[in-house]
Amino acid sequence: MPNILALPERIEAIALILICIGLLLWRRRLSDPGQRRIALVGLILAAVSFLWVVLPQAASFSGMPAVIMVAKPAVRLVGAVWWILFATLVIVILERFVWDALIKRGGVVPKLMIDLARALVIVFTGLGIVSAIFEESIAGLLAASGVFAVVMGFALQSTLADVFSGIAINMQ
């Protein structure tokens, strides 16, 4: 049985970074709920990243075929969770540092803009999961969605023109 202490140096580096982040967060005792939420999601993301790196290597070190067979779906699941946590972190950072900062300056952030930013993050997360976890090319998916957008644009052209004309009339 291989020595578990013989894992590559990058795993040790990631573990050290996780320990340092955890100690800093524990020492700081964050009082702001927004900062606590960002720190918690960041720490969980770092832990899942560590698991994503360690799991396949630990399975290959075990040398047992059953462990290696179970590890591959587990790595995909951990990878999908990583992408979802990363998207959550991006959304929380946008809320905390972009939208709240604009509101504090006296600006008004339309709900549509916030929802579109969230939808964009979620779409890129889905594309990341398909590309990185399932190892599928997303070029065909992007091309098909572009063609679909053009077709929908032509189909809804007169309807959208009427909607924007109504908005312009109401603004006057």
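Up top is the structure.
To start, this report covers the structure provided alongside it.

**Some remarks on the packing of helix 3 (residues 65-104) against helix 4 (residues 111-133)**
Then, number 1: Two elements in contact, helix 3 and helix 4, have axes whose closest approach is 10 Å; the angle formed by their N-to-C orientations is 160 degrees. By the criterion of interaxial angle, the relationship of helix 3 to helix 4 is roughly antiparallel. Crossing of helix 3 over helix 4 shows right-handed handedness. Contacts from R76, G79, A80, W83, I84, A87, V90, I91, L94, E95 and W99 in helix 3 reach M113, I114, A117, R118, V121, T125, G128, I129, A132 and I133 in helix 4.
Then, number 2: In the contact of helix 3 with helix 4, the residues fall into 15 nonpolar, 3 polar and 3 charged.

**Regarding the pattern of salt bridges**
Then, number 1: Within this structure, the stated rule accounts for 2 salt bridges.
Then, number 2: The salt bridge partner of R118 is E95, with a shortest N-O separation of 2.4 Å. Of this pair, R118 sits in helix 4 while E95 sits in helix 3, placing them 23 residues apart in sequence.
Then, number 3: In this structure, D115 engages K111 in a salt bridge whose closest nitrogen and oxygen atoms are separated by 3.4 Å. Highlighted residues: D115 and K111, both in helix 4, separated by 4 residues, approximately one helical turn.
Then, number 4: Given the relative accessible area of 33%, D115 is considered partly exposed.

**Re the environment of P56**
Then, number 1: Structurally, P56 can be placed in helix 2 (residues 33-62).
Then, number 2: Under the relative-accessibility criterion, P56 is labelled partly exposed at 34%.
Then, number 3: Along the primary structure P56 and K72 are separated by 16 residues, whereas in three dimensions their C-alpha atoms are 7.2 Å apart.
Then, number 4: Not counting chain neighbours up to four residues away, the residues in contact with P56 comprise L51 and V75.

**Thoughts on helix 3**
Then, number 1: The end-to-end C-alpha distance of helix 3, which contains 40 residues, comes to 57 Å, matching closely the 58 Å that a straight helix rising 1.5 Å per residue would cover.
Then, number 2: Along helix 3, the largest kink reaches about 30 degrees and is centred on E95.
Then, number 3: Positive phi shows up at G106, right after helix 3, with a value of about 95 degrees.

**Brief notes about the packing of aromatic side chains**
Then, number 1: Applying the stated criterion across every chain, the model contains 2 aromatic pairs.
Then, number 2: Centroid distance W82 to W83: 5.3 Å. Interplanar angle 90 degrees. Geometry classified as edge-to-face. Each of the two residues, W82 as well as W83, counts as buried.
Then, number 3: Where W82 meets F86, the ring centres are 5.4 Å apart and the plane angle is 5 degrees; that geometry is what we call stacked. Of the two residues, W82 and F86 are both situated in helix 3; the distance of 4 residues between them amounts to about one turn of the helix.
Then, number 4: For W82, a relative accessible area of 18% puts it in the buried group.
Then, number 5: The rings of W82, W83 and F86 are connected pair by pair, giving a single aromatic cluster.

Cut-offs and rules
Residues numbered from 1 in each chain as written. Predicted model: local features only at pLDDT ≥ 70, side-chain atom pairs only at ≥ 80, totals over all residues. Heavy atoms only, no water. Axes fitted to C-alpha atoms, helices over the stretch in contact; angles between N-to-C directions. Helix = DSSP H or I, 4+ residues; strand = E, 2+ residues; numbered from the N terminus. Parallel < 35°, antiparallel > 145°, perpendicular 65-115°, else oblique. Left-handed = near helix turned anticlockwise from the far one by under 90°. Contact = heavy atoms within 4.5 Å. Nonpolar A, V, L, I, M, F, W, Y, C, P; charged D, E, K, R; others polar. Salt bridge = Lys/Arg side-chain N within 4 Å of Asp/Glu carboxyl O. Buried < 20%, exposed > 50% of the residue type's maximum accessible area, 1.4 Å probe, protein only. Expected span 1.5 Å × (residues − 1). Bend = angle between axes of the 7 residues up to and from the residue. Phe/Tyr/Trp six-rings, centres within 6.5 Å; stacked < 30°, edge-to-face > 60°.

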